[in-house]
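Structural features, examined
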Amino acid sequence: MRRAHLLGLGFLSPALAIILMLFLIPVLLTVMFSFTNMSTATGISGGAYEINAASLRKLADAGAQESFVETLGKESFVVDDAGITAAAAAYGEQFANEVGSQMLGERFSSRRDLERAFRKLKSRPRSTRDIKKAANLFKRSVLNIRFETAGGLVGAVTDNGIEMTPDQQELLTKTIYTGWTWTSDNFALMAQIPYVWRVAGNTVLYVVLTLAASVGLGLFLAITTFYLPSSSATSFRAIWFLPRILPNVIFVLMWKWLAWDTGFLSSLFANFGVPPRNWMLDTGVNAWVFIVLINGIVGASLGMILFGSAIKSIPQSMLHASEVDGASRWQQICYIILPQLRWPIMFICAYSTLSLLTSFEYILLSTDGGPGGATEVWSLMAFHTALDNYAGNLQYGLGAAMALMLVIVGILASLVYLRIFNFNDLVAKPRIEQ
Amino acid sequence: MRISIENFTKSFGDTTVIEDMSLEIGDGEMLALLGPSGCGKSTTLFAICGIHRMNAGRLMFGDTDVTEVSSQKRNVGVVFQNYALYPHMNVYENIAFPLKVRKESKAEVDRKVQEIAGLVHIGELLQRRPMQLSGGQQQRVALARALIRKPDILLLDEPLANLDAKLRLEMRSEIRRIQLATGITAVLVTHDQVEAMSMCDRIALMDKGQIVQLSTPKDMYENPSSDFVAGFLGNPPIAFLDGTVADGEFRLANSQVTLPVPSGIEIPGEGAPMRFGVRPEFFQPGNPLKVPGKVSFVETQGREELYDVMLENGAVLRSIQSQNAGFRLGQEVSWGIEQDRVLAFGPDGNRL
């Protein structure tokens with residue numbers, strides 16, 4: 001490899017690193033997470049096996065036989081070496097040896113049966129209370145014990161004399177595992193969420209309305225500033241560009257001030273006897289108006305710059321020609337300027353569709369999907385599910401599955417756009433001969 | 001239609017490009033605005049079609065004052081240097097555009113487009129896009145678009161500048177043919193004196209925002225009003241000899257060679273500086289008024305040969321002769337000037 005090649009690679013490496021870190025790895029992780037059931041409850045590291053009251057209920061819900069669940073929950077009494085050693089320490093070698101020699105390996109389903117057996121021994125403790133205590137030393141249960149592996153759990157259960165069919169064993173280990181597991185249930189689960197179709201509809205509405213607003217406003221600004229004297233045009237463009245360079249939070253905060261029940265709009269309308277209200281969150285329609293305005297005004301600045309430079313690249317003589325051909329300003333815009341803005345307009349549409357699909361920061365900051373989920377869009381739903389759940393259980397897996405849908409839609413849309421645009425045409429030499 | 005420009009002044013910011021210019025163009029005439037770059041000829045053209053507003057002065061089309069009329073309403077056709085065809089429309093739509101914005105009926109538009117396309121010979125190209133046309137074809141489309149709504153005036157802004165040499169020749173006669181066929185008043189802006197002379201009835205030669213001379217091509221060639229005009233017209237260009245008046249004759253600078261002054265001109269006082277202009281065709285071996293020199297440059301142009309002859313004081317005379325004259329570089333020659341055709345200029349450059 002020549003040194004020039006290495007140098008080129010060197011210059012490229014920041015871009016490659018950014019693509020890797022900010023695109024490829026996140027996408028891969030999203031795909032990975034979407035096939036798990038990770039949540040706050042499971043944690044993101046491994047889990048353990050533990051039978052307790054809650055997991056028994058889960059087991060019953062999962063369809064285990066009632067008798068099986070009952071047996072698992074029951075205590076049993078087994079005379080084993082561990083119990084004998086404990087008895088030796090508490091009630092003397094003699095008693096322990098007698099138990100060991102006469103009863104080793106015996107199994108009792110209740111404490112009373114074991115106590116009865118103890119009473120037949122010569123060296124038994126004298127008081128009834130001590131016999132009860134001694135019996136307790138032999139109590140064996142799988143309840144409330146953490147096992148690191150499924151094998152440990154199964155071993156303990158069989159040690160306790162509980163018989164399991166292979167089906168039951170599988171159901172048990174699957175149900176009571178406290179960590180995350182690989183699963184494809186997220187996608188089925190997503191389809192079952194009752195509001196998911198409304199959110200999908202909201203997303204389409206959001207993209208279409210915002211796109212229309214930003215392209216329309218951007219075109220209007222580009223054309224009007226084109227006909228203005230250049231000095232005032234520059235200041236107008238600068239003003240309209242402000243929202244884009246303003247921090248998002250401050251921009252949205254100003255809208256909130258405008259719309260709050262003690263804000264500008266309410267104070268203004270109070271003069272006309274309109275009761276104050278939160279104009280942004282008052283109704284779903286209001287919320288949508290604000291969402292479209294907030295996003296549209298930010299989007300318009302990009303359109304304004306792009307369309308403005310595209311208009312400027314139309315040769316002056318072509319505009320002069322249309323003037324002497326008798327075209328009025330309006331006809332000039334319709335017949336000469338707009339047709340030549342076809343490519344920039346299509347580019348903005350394509351680019352904005354993709355970025356709007358995944359962007360939710362302005363909605364999050366302004367309505368947070370409200371009122372009552374009226375402005376909840378897909379990306380915001382994924383965010384809420386995975387990272388900002390009201391109920392407190394953050395479902396990383398389900399959220400990732402939702403995000404994966406966006407990735408798929410985005411990639412499909414990009415492919416369609418590349419086909420429509422015929423990318424080679426876009427990077428070809430300008431069509432307008434100077 | 002007659003165009004008259006009266007006391008026209010145009011400035012961009014602080015720069016005054018044209019000051020107090022007046023020009024009259026007759027009905028059906030084709031006039032060339034000729035001059036070097038930056039002389040204000042295109043500015044004048046844009047003022048006539050209304051793209052530039054005049055800072056002062058008056059513009060009349062016939063008997064109508066159009067000074068304040070917008071370019072949309074002036075009814076002029078313009079052919080721009082780069083043709084300014086609309087790239088997103090095909091040839092038919094390009095030509096029909098001036099009618100479309102006037103909302104004429106489809107049938108009417110179609111009839112007129114076919115008619116004009118026939119006139120400029122592009123009938124078979126109507127469905128093409130401008131990109132798919134050669135320079136000459138684009139030129140014809142631009143002409144058709146300019147002529148379609150029967151404008152009162154046709155303005156051509158360097159229409160041949162973007163064409164190759166062969167096409168330029170062809171389009172030169174084509175434009176003239178179409179102008180004569182339609183009888184339209186036309187103004188041609190060009191910096192090429194051959195175009196101006198070959199295509200136009202009259203030439204207005206401009207320099208620094210002023211019209212230096214306004215006359216027919218032949219008259220301007222033979223009777224230039226100043227050495228600037230004489231130097232601008234003619235290819236190969238005229239050669240100038242600097243000198244002074246001595247004993248009623250012209251004496252070359254730094255030399256003892258004297259030449260008689262052409263008859264009928266007023267000789268400035270003794271010792272005053274003077275300039276002789278000699279066109280190449282009037283410096284020939286056969287002429288009687290011999291000037292000795294040395295061939296310093298030979299250029300073969302096929303039918304003719306062009307020689308530069310350096311005189312003993314370093315001044316250069318040009319001669320154009322039919323081929324096979326056989327002079328070589330460095331050869332000592334003594335060729336003659338045709339005395340009556342010498343153009344004499346005074347110290348300020350004006351013709352004597």
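So, the pairing of strand β14 (residues 273-278) of chain B
Residue and element names in this part refer to chain B. With six bridges connecting them, strand β11 (residues 239-246) and β14 associate as antiparallel partners. Of the residues in β14, the one forming a bridge with G243 is M274. As paired elements, β14 and strand β20 (residues 343-345) share three bridges and run antiparallel to each other. Bridging across to β20, R275 finds its partner in F345.

Remarks on the interface of chain B and chain A
Each partner contributes to the interface: chain B provides 23 residues, whereas chain A provides 21 residues. Together, the buried faces of chain B and chain A total about 1,900 Å²; carbon and sulfur atoms form 61% of this surface. Of all residues in chain B, Q72(B), H88(B) and V101(B) give up the largest surface area on contact with chain A, accounting jointly for 26% of the area buried on that side. Between chain B and chain A we count one salt bridge in total. The partner of R145(B) in a salt bridge is D325(A), with the nearest N and O atoms 3.4 Å apart. Mapped by element, the contributors of at least two residues to the side of chain B that touches chain A are β6 (76-79), α2 (91-100) and α4 (135-147) of chain B. Here the side of chain B that touches chain A is built from residues that sort into 14 nonpolar, five polar and four charged.

Here we look at the domain arrangement of chain A
Assigned domains within chain A: domain 1 (48-74 + 144-178), domain 2 (77-140) and domain 3 (193-394). Computed from C-alpha atoms alone, the centre-to-centre distance between domain 1 of chain A and domain 2 of chain A is 27 Å.

Details of unusual backbone geometry
Residues and elements named next belong to chain B. With an omega of -5°, the peptide bond between N235 and P236 qualifies as cis. Structurally, P236 is set in the loop between α8 (227-232) and β11. One non-glycine residue, H121, lies in positive phi territory at about 60°. Relative to the helices and strands, H121 is located in the loop between α3 (106-119) and α4. The backbone of K208 sits at a positive phi, close to 50°, despite the residue not being glycine.

A few points about the sheet that holds strand β4 (residues 139-140) of chain A
Remark on secondary structure: sheet strands pair via backbone hydrogen bonds, oriented parallel or antiparallel. Residues and elements named next belong to chain A. Read from one edge of the open sheet, three strands run β3-β2-β4, paired in antiparallel fashion. The strands lining the two open edges of the sheet, one partner per strand, are β3 (107-108) and β4. Bridge count for strand β2 (residues 76-78) against β4 is two bridges, and the pairing is antiparallel. Residue pairing for β4: F77 is matched across the bridge by K139.

Some details on helix α17 (residues 329-340) of chain A
Taking 1.5 Å of rise per residue, the twelve residues of α17(A) would be expected to cover 16 Å, and the 15 Å separating its terminal C-alpha atoms lies within 8% of that figure. Taken residue by residue, α17(A) has Q331(A), Q332(A), I333(A), I336(A), I337(A) and Q340(A) as its buried positions. Considering only its buried residues, α17(A) is in contact with α11 (196-227), α15 (284-312), α16 (316-324) and α18 (342-358) of chain A together with α2 of chain B.

Quick look at the confidence of the model for chain B
Residues and elements named next belong to chain B. Looking at chain B as a whole, its pLDDT mean stands at 88, while 100% of the residues score no less than 70. The lowest-confidence element of chain B is strand β13 (residues 258-260), averaging 83 in pLDDT; the highest-confidence one is strand β8 (residues 185-190), averaging 93. In the predicted complex, the global pTM is 0.75; the interface-specific ipTM is 0.81.

What about the sheet that holds strand β1 (residues 3-12) of chain B?
Residue and element names in this part refer to chain B. Spatially, four strands are ordered β2-β1-β4-β5 in an open sheet, and the strand pairing comes out antiparallel. Whereas interior strands pair on both sides, the edge strands pair on one side only; in this sheet they are β2 (15-25) and β5 (64-65). Relative to β2, β1 runs antiparallel, the two sharing seven bridges. Residue pairing for β2: K10 is matched across the bridge by I18.

Reading the values: the criteria
Numbering of residues starts from 1 in each chain and follows the order in which that chain's sequence is written. To label them, take the chains in the order written and letter them from A, then take the ligands in the order written and number them from 1. Reporting of local features is limited, given that this is a predicted model, to residues whose pLDDT is at least 70; pairs of side-chain atoms are given and counted only at 80 or more, and all residues count toward the totals for whole chains, interfaces and linings. Here the side-chain values reflect all heavy atoms present in the structure, with hydrogen atoms and water set aside. Any two strands with at least two DSSP bridges between them are considered paired. Helix and strand labels come from DSSP, where a helix needs a run of H or I of at least four residues and a strand needs a run of E of at least two; each type is numbered from the N terminus. It only takes one pair of heavy atoms within 4.5 Å for two residues to be counted as in contact. Buried area is a sum: the accessible area each of two parts loses on coming together, probed at 1.4 Å, counted once for each and added. The term salt bridge refers to a pairing of a side-chain nitrogen on Lys or Arg with a carboxyl oxygen on Asp or Glu at a separation within 4 Å. Each residue is assigned to one of three groups, with Ala, Val, Leu, Ile, Met, Phe, Trp, Tyr, Cys and Pro labelled nonpolar, Asp, Glu, Lys and Arg labelled charged, and all others, Gly among them, labelled polar. Domain delimitation follows an automatic or database domain assignment. In this analysis, the expected span of each helix is defined as 1.5 Å times one less than the number of residues it contains. Three labels apply to residues, based on accessible area from a 1.4 Å probe with only protein chains included: buried if under 20% of the type maximum, exposed if over 50%, partly exposed otherwise in between. Scored between 0 and 100, pLDDT is the confidence that the predictor attaches to each residue.

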